[in-house]
Amino acid sequence: MLFYFTGTGNSLYAAKRIEENPISIPQVMHQELNFKDERIGIVAPIYGHEVPTMVKEFMKNAHFETDYFYMILTYGNRHGGASELAKKLCDEYGIKVNYIQTLLMVDNFLLAFDMDEQRKIDKQIDSQLQKITTDIKNKIDEIQSVTDIDRDAHKQFLENREKMPADAFTNLYKVTEACVHCGICTKVCPAGCIHIERDKVLYDSDKCQSCMACIHNCPQKAIQLLLGEKNSKARYRNEHITLQEIIKANQQNK
Ligand SMILES: Cc1cc2nc3c(=O)[nH]c(=O)nc-3n(C[C@H](O)[C@H](O)[C@H](O)COP(=O)(O)O)c2cc1C
């Protein structure tokens with residue numbers, strides 16, 4: 001049994017490579033969260049070196065009965081000791097975790113990266129996935145090790161975040177006149193925080209996971225980051241994942 005969270009498909013692609021029918025966290029969040037299996041895993045992106053808020057809530061509220069629990073954390077540039085932070089989270093929620101590994105993929109963080117450039121970098125995703133799938137199959141016990149440089153990177157990130165406005169990463173988006181009200185943004189949002197009412201896009205920033213699914217999947221590129229972007233013309237979805245799969249994973253307003 002494998003759970004995943006995704007905004008732009010990287011984590012879903014990785015999850016599908018590990019298990020045939022992974023389960024979307026946004027789709028099970030509001031059900032009874034008791035799970036029993038031989039292996040139970042979570043694949044999720046890291047935001048600021050940690051798992052998304054919804055994944056934390058899921059881990060906090062779920063009860064996992066298994067003798068092998070694992071986490072795969074997808075990221076694009078710097079994991080900042082994500083495995084150690086995830087281990088702390090597991091400890092806090094009473095989850096006995098056997099294996100945590102990060103997986104370097106395309107970085108979808110538009111503020112810092114140009115998607116056209118990111119796509120060109122060979123991050124050896126398949127060979128990383130090969131190791132991960134073999135480790136999980138063999139029930140390897142290993143929490144990826146973390147260096148002081150990683151820990152310092154996270155410390156620095158927290159210090160920088162302190163200096164930013166409190167809503168810098170919640171009130172993220174603006175909708176431009178290019179919007180044709182197709183409603184795709186409302187369907188790809190895992191937290192159901194976007195609605196269209198009479199040709200107006202309404203965005204409830206309180207529930208926003210900052211996954212950027214709306215911005216990356218908008219066919220008109222009509223949603224933009226308020227904080228600025230490296231390249232507002234370039235958007236990203238994992239090449240192996242369709243828009244329909246993102247909708248199936250995330251849609252709340254069915
Ligand atoms: C809000 C936000 C914060 C992010 N923070 C980090 C980070 O701290 N380090 C990093 O290497 N990548 C970071 N990323 C990149 C994602 O972790 C990476 O692209 C991930 O594979 C996306 O997974 P998904 O396609 O399943 O949504 C961030 C992305 C977003 C949207």
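Each value, and the rule that gives it
- Residues numbered from 1 in each chain as written.
- Predicted model: local features only at pLDDT ≥ 70, side-chain atom pairs only at ≥ 80, totals over all residues.
- Heavy atoms only, no water.
- Pairing = 2+ DSSP bridges.
- Helix = DSSP H or I, 4+ residues; strand = E, 2+ residues; numbered from the N terminus.
- Contact = heavy atoms within 4.5 Å.
- Axes fitted to C-alpha atoms, helices over the stretch in contact; angles between N-to-C directions.
- Buried < 20%, exposed > 50% of the residue type's maximum accessible area, 1.4 Å probe, protein only.

### Brief notes about the sheet that holds strand β6 (residues 69-75)
One open sheet holds the six strands; their spatial order is β2-β1-β4-β6-β7-β8, and the pairing between them is parallel. With partners counted over all chains shown, the strands left at the sheet margins are β2 (23-24) and β8 (142-143), one partner each. Each of β6, β7 (99-104) and β8 touches helix α4 (residues 82-92); the most contacted strand, β6, lies at about 140° to it. Packing against the sheet, helix α6 (residues 125-137) makes contact with β6, β7 and β8, and its axis sits at approximately 170° to β7.

### Regarding unusual backbone geometry
Not every positive phi belongs to a glycine, and M212 is a case in point at roughly 70°. Topologically, M212 is positioned in the loop between β11 (200-203) and α9 (213-217). Residue classification places M212 among the buried residues on the basis of a relative accessible area of 3%. If you check the backbone angles, K221 has positive phi at about 50° while not being a glycine. Along the chain, K221 falls in the loop between α9 and β12 (223-225).

### Brief notes about the environment of N253
Take N253: it is sitting in the segment after α10 (243-250). By relative accessible area, which is 34% here, N253 ends up partly exposed. The sequence separation of N253 and P190 amounts to 63 residues, and the corresponding C-alpha distance is 9.8 Å. Ignoring any residue separated from it by four or fewer positions in sequence, one finds N253 in contact with T186 and K187.

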